[in-house]
Structures are given as C-alpha cells and as structure tokens.
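# Summary of the model geometry
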Amino acid sequence: MREYWIALNNIDGLGPVRIRRLLECFGTPEQALSAPPPMLAEKKLIPASSVKHFQQAKRLIDEARAQIEACARSRIIVLIQSDADYPLYLKEIFAPPPVLYVKGDPAVLSAHALAVVGTRSPTSYGKDCTRALTAELCQRAAIVSGLAKGVDTVAHERCLELGGQTVAVLGCGIDNIYPKDNAALAERICESGALVSEFPPGTAPEPYNFPRRNRVISGMSCGVIVVEAGEKSGALITAGYALQQNRVVFAVPGPINSAMSAGTFRLIKDGAVPIRSAADVFEHISAVTFTPALFAPTQTIRSEQPPAPALAANELAVWDALSDEPQRTDTIAETCGVEIPLLLGILLSLELKGFISQTGGQQFRRIL
C-alpha cells in the first residue's frame, strides 16, 4: 500500500489538498490511481496537466517501489498517514502531508513539541533569547525548527548541547541538506532527533517549497514561538499557519527601535502571547481549557482523586480514564469521548503538571 501513497504524492500538479479530495472520493490512493484520468479531470479533482501521469500509473508505482528500496538503503524512513509513528498533531491539520520522509529517530515525532523560529539574521539579543528559551523548553518538549540560518540554527544547536530532542523540517529532499553549512548540524540532529521532509529525496531547495515547510513546522507543534522577526520574515508565515491550525502563537518582545523586532511586535499587537521565559509558555498551555460539554454527559468520575493542584473537569476526566498501564491516544479518546485534537492539548497540560507521562509510541500512563 505504501507505494500507492508515494506514487500519488509524486505526481506533478497534485498537493496535499488535491490528494485529500481524491481520498475523500475514492478512499485509498490505490483506488484513486485506478480511476479513469479523463473523469478525474472533468470533475476537477486533478488538473489537466496531471492526466498523463495518471495514465502512466503502473510506471509511477514501480518508481515508488524503487524509491522505497533506495530510502531503506539510505536509512530514510517513509511514513504515510496511517502509520503509528506519523505525528498526531500533524495528522489533525487540514490536508496533512500524505508522505513524510524521516531520517533519525521516528519516536521523537510522538513527543509533545514546540516550534522555535525567527529571522535568519538575528541580533545578539535574538540569539541570547533563543538560547535561553530553548534551554528551558527542551527540558519538557521536543524543539521543532527549520534548519535555516539564524534563529533556527541557534535553537537546534542549543537543544543538542543540553541533550534535548530536536526535529528539523526541510524544504527540500532529506538527502539534500540546505543550507549546506548546516550539513554537520543535520547529522548531529539525526543522532537523537530527526530530519523530516514532505518532499521526495532529490528535491532541490526551491523557494516555493519553504512556505509548505513552514506549514509542517507549525503543524507538528502545539505552539509556535517567534523569537525575533522582521516585517517580512518567513517566521511570520509559520505563525500564520499556526493560527490556521489552531495552534498558540507566542512572541518575544524586542527593542522598539529594532527592525528585527518589528514582526514580533506586530504579532503581539494582533494577539500573540508575549513571553519572557519558557515558564510563560508552559503556564499558558497548562491554563488552556476545553469545553466540558465535549465529554459524554453520562461519564462518571471514580472517587479516587488526583492530588493538588486541582484539575479542570476535562483534565480530571482524562486522568480518570488512565491507569498505571500505558494506553494509546486513540484508546483514550474513545474512552473519554473527546476528539483527538482537543485530547492532545489536555494530555500535554496533564504532562506539564506532572500527573501523567508519555511512554513512547503515543502512549500515556498515570504517574500520580
């Protein structure tokens, strides 16, 4: 089945949105590739330029199988949306990437993550803020960024210095590190974290790839922290995607006369959460509550209660559904009657408060 996902993903003229529509109509990539190409074009499910590719579906599938073999030789892991290691946060955005190419430890993709992004030309103030924030953030969450020069590089390096886990999302093939100056950093990231790309190996770092890369950075994270950004910084694109994906956007206030803080000032003016430390980030995330009505009204709470500090009703319901034995996220969601996107936020809040722990493989258990 994996080869059909890759074949569909590799067709010129298709992107995550069109592939989502095809899957909604046909159920699986295999059935979509088997459909009559003229009919697909007539219904505007694919552009006219893609018809010829669908007519050569067998060749595409053979090439996909060869790609899988080549990735295995290069120790590149190919994830599709139905895989357990596919990031849950990313799976819940609109039209997530059909295929992800991963190099490193895929287990880090199951961890709660925060994105740290910013300008490629940070001031000394921006670098100092990035180091300080990352040092605290990486103690509780994986750090996601884009391997770009500047703030991204500082965040990745600081996380590695302190033994944290970091994920670099690329705007090119995973075998084509960009910028080249960060090739050694990419190798270090693979040792304890992961490189991730939605683009097939061999893809060049074209400018139009990077907004899509930014969408994945925010999609993999429960919040996006913009440290320093000018008025036209790509970090603002990431923040925009974060808002579309219902993620929290945090921004570091900067000197009012600094051009590199103009973008973060605008974010704060537009409603981003201003922060001075990681404590501000975790306090805000822990304080987020969801409507208790989303839980089944007949749900009962056992008499056993967790210790102080008191939990919100929705947190208590999730805590009550857990035990000392690890449970998968989908099982918890079914027990509690809450949608996974909301459940992820509740689990993160419980973990930050010290009531539960993640045991890997997107499984959680009580520790209190």
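Residues numbered from 1 in each chain as written. Predicted model: local features only at pLDDT ≥ 70, side-chain atom pairs only at ≥ 80, totals over all residues. Heavy atoms only, no water.

Right, let's get into the overall build of the chain. Across its full length, the chain holds 17 helices and 12 strands. The C-alpha radius of gyration computed for the chain amounts to 21 Å, which stays within 12% of the reference 21 Å derived for 368 residues, consistent with globular compactness. For the chain, the C-alpha atoms occupy an extent of roughly 60 × 55 × 40 Å along the three principal directions. Every one of the 368 residues in the chain was classed for burial, and the buried ones make up 55%. Intrachain contacts of the chain at a sequence separation of at least 6 include 70% that bridge at least 24 residues. (Helix = DSSP H or I, 4+ residues; strand = E, 2+ residues; numbered from the N terminus. Rg over C-alpha atoms; globule rule 2.2 N^0.38 Å. Buried < 20%, exposed > 50% of the residue type's maximum accessible area, 1.4 Å probe, protein only. Contact = heavy atoms within 4.5 Å.)

Here we take up helix H2 (residues 16-26). All of the buried residues along H2 are Pro16, Ile19, Leu22, Leu23 and Phe26. Burial along H2 is one-sided: seen end-on, the buried residues are contained in an arc of 120 degrees. If you follow the buried residues of H2, they end up packed against helix H1 (2-9), helix H3 (29-34), helix H4 (37-42), helix H5 (51-54) and helix H11 (209-219). (Arc of directions from axis to C-beta.)

Here we come to the pairing of strand E2 (residues 99-104). Bridge count for strand E1 (residues 77-80) against E2 is 4 bridges, and the pairing is antiparallel. Bridge assignment links Leu79 to a residue of E2, and that residue is Leu100. (Pairing = 2+ DSSP bridges.)

Within this structure, the stated rule accounts for 12 salt bridges. Put simply, Asp83 and Arg2 hold a salt bridge, and the shortest N to O gap is 2.7 Å. Highlighted residues: Asp83 in the loop between E1 and helix H7 (88-91) and Arg2 in helix H1, separated in sequence by 81 residues. With relative accessibility at 28%, the residue Arg2 sits in the partly exposed group. Across the pair Arg59 and Glu63 runs a salt bridge, and its minimum N-O distance is 2.7 Å. Here Glu63 and Arg59 lie together in helix H6 (residues 57-73), a separation of 4 residues that amounts to about one turn. According to the relative accessible area criterion, Arg59 is partly exposed, its value standing at 36%. Each of Glu3, Lys58, Asp62 and Arg65 takes part in salt bridges that share partners, so that together they form one network. (Salt bridge = Lys/Arg side-chain N within 4 Å of Asp/Glu carboxyl O.)

Tracing the chain through its elements places Cys138 in the loop between helix H8 (124-137) and strand E4 (142-145). Distance from Cys138 to Ala64, taken between C-alpha atoms, is 36 Å for residues 74 residues apart in sequence. Contact partners of Cys138, with chain neighbours within four places excluded, come to Ile143, Cys159, Leu162 and Gly164.

The next point concerns the packing of aromatic side chains. With the rule as written, the count across this model stands at 1 aromatic pair. When the ring of Tyr178 is compared with that of Phe210, the centres are 5.9 Å apart and the planes differ by 55 degrees; the resulting orientation is tilted. Of this pair, Tyr178 sits in the loop between strand E5 (166-169) and helix H10 (183-192) while Phe210 sits in helix H11, and the two are 32 residues apart along the sequence. Across from the ring centre of Phe282, 4.8 Å away, lies the NZ or CZ of Arg140, which sits over that ring. A cation over an aromatic ring shows up here: Arg366 above the ring of Trp319, its NZ or CZ 3.7 Å from the ring centre. (Phe/Tyr/Trp six-rings, centres within 6.5 Å; stacked < 30°, edge-to-face > 60°. Lys NZ or Arg CZ within 6 Å of the ring centre and 35° of its normal.)

Soluble globular proteins tend to bury their nonpolar side chains together. Core analysis: the largest hydrophobic core is formed by 46 residues, its most contacted members being Leu114, Leu137 and Ile225. When residues of this core are assigned to their parent elements, the largest contribution, 8 residues, is made by helix H17 (residues 340-352). Each residue touching Leu114, except ones within four places of it in the same chain, is listed here: Leu137, Ala141, Ala142, Ile143, Val144, Ser221, Cys222, Gly223, Ile225, Val281, Phe282 and Ile285. Formed by 41 residues, the second largest nonpolar core is a distinct cluster that contains Trp5, Leu14, Val78 and Leu147. (Core = buried A, V, L, I, M, F, W, Y, C linked by side-chain atoms within 4.5 Å.)

This next bit is on unusual backbone geometry. In this structure, Pro179 follows Tyr178 across a cis peptide bond, with omega equal to 0 degrees. In this fold, Pro179 is placed in the loop between E5 and H10. For Arg75, which is not a glycine, the phi torsion comes out positive at approximately 60 degrees. Within the secondary structure layout, Arg75 lies in the loop between H6 and E1.

A few words now on the sheet that holds E5. Sheet strands associate in pairs through backbone hydrogen bonding, adopting either a parallel or an antiparallel arrangement. With mixed pairing, the 9 strands of this open sheet are ordered in space as E1-E2-E6-E5-E4-E3-E7-E8-E9. At either end of the open sheet lies a strand with only one pairing partner, and these are E1 and strand E9 (273-274). Sheet topology places strand E8 (residues 248-251) next to E9; 2 bridges connect them, and they run parallel. Paired with Ala251 across the strands is Pro274, a residue of E9. Along the sheet face, H8 touches strand E3 (113-117), E4 and strand E7 (223-226) and points at about 175 degrees away from the line of E3. (Axes fitted to C-alpha atoms, helices over the stretch in contact; angles between N-to-C directions.)

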